[in-house]
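Coordinate inspection notes
Here is what each chain is made of, one letter per residue.
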Amino acid sequence: MLDTQDRSTLVKVSELTHYLLCPRLVYFNAQGKQQPAHVQKNDRSAIEHALFKELGFSWQKLCLGDQENVPKSRDRKPDEAIAQTLAEITDDLELIYKNELGSVSEDLLERVKTDFVTLISTSEWLGRLQSNDELALLERSFGFERERSVISQRLGLVGSMDKLIRTGDEHIPCIIKTGRCPAYSVWKRDRMQLAAYALLLEDAYETTVQRGFVEYIRAPEVRTAVIKRGDRALALQTVKRVKRVKNGLFPDKGEHAPCEHCAFAAQCETRRTLLSRLLMR
Ligand code: SF4
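To keep things clear, this report deals only with the structure shown in the data block. Since the structure is predicted, the reported quantities are computational estimates derived from the model, not experimental observations.

Criteria and thresholds
Residues numbered from 1 in each chain as written. Predicted model: local features only at pLDDT ≥ 70, side-chain atom pairs only at ≥ 80, totals over all residues. Heavy atoms only, no water. Helix = DSSP H or I, 4+ residues; strand = E, 2+ residues; numbered from the N terminus. Buried < 20%, exposed > 50% of the residue type's maximum accessible area, 1.4 Å probe, protein only. Areas by Shrake-Rupley, 256 points an atom, 1.4 Å probe, with all protein chains shown as cover. Contact = heavy atoms within 4.5 Å. Patch = residues over 30% accessible without salt bridge, like charges linked within 9 Å, V, L, I, M, F, W, Y side chains within 5 Å. Salt bridge = Lys/Arg side-chain N within 4 Å of Asp/Glu carboxyl O. Lys, Arg positive; Asp, Glu negative; His and termini not counted. Charge placed at Lys NZ, Arg CZ, Asp CG, Glu CD. Core = buried A, V, L, I, M, F, W, Y, C linked by side-chain atoms within 4.5 Å. Pairing = 2+ DSSP bridges.

Topic: the overall build of the protein chain
The helix and strand inventory of the protein chain stands at 13 helices and 6 strands. When each of the 281 residues of the protein chain is scored for burial, the buried share is 43%. Accessible area for the protein chain stands at about 15800 Å²; split by element, carbon and sulfur atoms hold 50% of it.

See below:
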């Protein structure tokens, strides 16, 4: 077992995805300038994010019904099973996301939950969900481990995947994304993230990971990603780059850096101004 100090020297898979978004996010986080963990009283998007994330963990129940309750609910209509799953999600939300949603107002929380249940209960949304049953069938057959952490000292990497499915022949990492779904396939950042989990699983279990799943839960759409050589190479290259940034290198900003909504915008501007002054001397 690694102690806290050992863990702190490892690169996290979340840092790889931050790096692809904007390398400076990794820099400022490494400098101890943490983004605020608690959301604002009126942060609707944080509540929606938590609700959709939990929905991703209930994919199988929504897609195929609640197996645990089959005997006592054999005569129950499918929409009752869905209503029960949604009630479980909304009832438990504040307990699961205590750190993230602790400061959100009760009133807003209830309003966002109501809007969420209304959206998910539409036949259009459920129809799209139920046409994506490959992942649900795998989960029903083999179950999954939620938020499974894997550490590799050899790679200097640690990560926690949303779901790990073990079929006996295969280890399949799955990630739940609450953002936009691409028109086809999987975003580059998500492919790299799955490749990083594949590298970790291969190191831990002496296996070869062939594929992973991405649940674009708002769509809702499940996409399979074959773990390709290029994605593995990008993950390993990004581990090295993140290490350099964590050791103090101030990087260029990302090509599509989300500066508009960035909690580090002020520090970033100050640092940029200081650097330009130094270069002009
Ligand atoms: S303000 Fe923009 S460039 Fe700076 S860290 Fe944030 S996203 Fe990156």
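From this point on, the discussion continues.
Focus: the side chain of K113
Within the secondary structure layout, K113 lies in helix α8 (residues 106-120). With relative accessibility at 8%, the residue K113 sits in the buried group. Contacts of K113, omitting those with residues within four sequence positions, involve L51, T90, L93 and E94.

Quick notes on a positive patch on the surface
Side chains of K240, R241, K243 and R244 sit close together on the surface and give a patch of like positive charge. Along the polypeptide, K240 turns up in helix α12 (residues 229-246).

Re unusual backbone geometry
Note: most residues except glycine have negative phi, and most peptide bonds are trans. Across the junction of A219 and P220, the peptide omega takes the value -20°, indicating a cis bond. Within the element layout of this structure, P220 appears in the loop between β5 (211-216) and β6 (221-226). A positive phi angle, near 45°, is found at E147, a position not held by glycine. Note that E147 resides in strand β2 (residues 145-152). If you check the backbone angles, E206 has positive phi at about 45° while not being a glycine. By the secondary structure assignment, E206 is in the loop between α11 (188-205) and β5. Residue classification places E206 among the exposed residues on the basis of a relative accessible area of 76%.

Quick notes on the nonpolar core
Core analysis: the biggest nonpolar cluster contains 39 residues, and L16, L157 and L200 have the highest contact counts within it. Elements with a contribution of two residues or more to this core: α2 (13-21), α3 (23-30), β3 (157-166), α11, β5 and α12. Among the elements that make up this core, the one with the highest residue count is α11 (9 residues). Ignoring anything within four residues of it in the chain, the contact list for L16 reads V11, L157, M192, A196, A235, T238, V239 and V242. In terms of nonpolar packing, the next biggest core, distinct from the first, is built from 35 residues, I47, F116, L126 and I172 among them.

Observations concerning the pairing of β2
On any regular strand, side chains alternate: one points to one face of the sheet, the next to the other face. Pairing geometry for β2 and β3, over 7 bridges, is antiparallel. Residue pairing across strands places I151 opposite V158, the latter belonging to β3.

Comments concerning the environment of L194
Structurally, L194 can be placed in helix α11. Here L194 falls in the buried class, since its relative accessible area comes to 0%. Separated by 22 residues in sequence, L194 and I172 place their C-alpha atoms 9.3 Å apart. Beyond its immediate stretch of four places on either side in the chain, L194 contacts P173, C174, I175, G212, F213, V214, A225 and I227.

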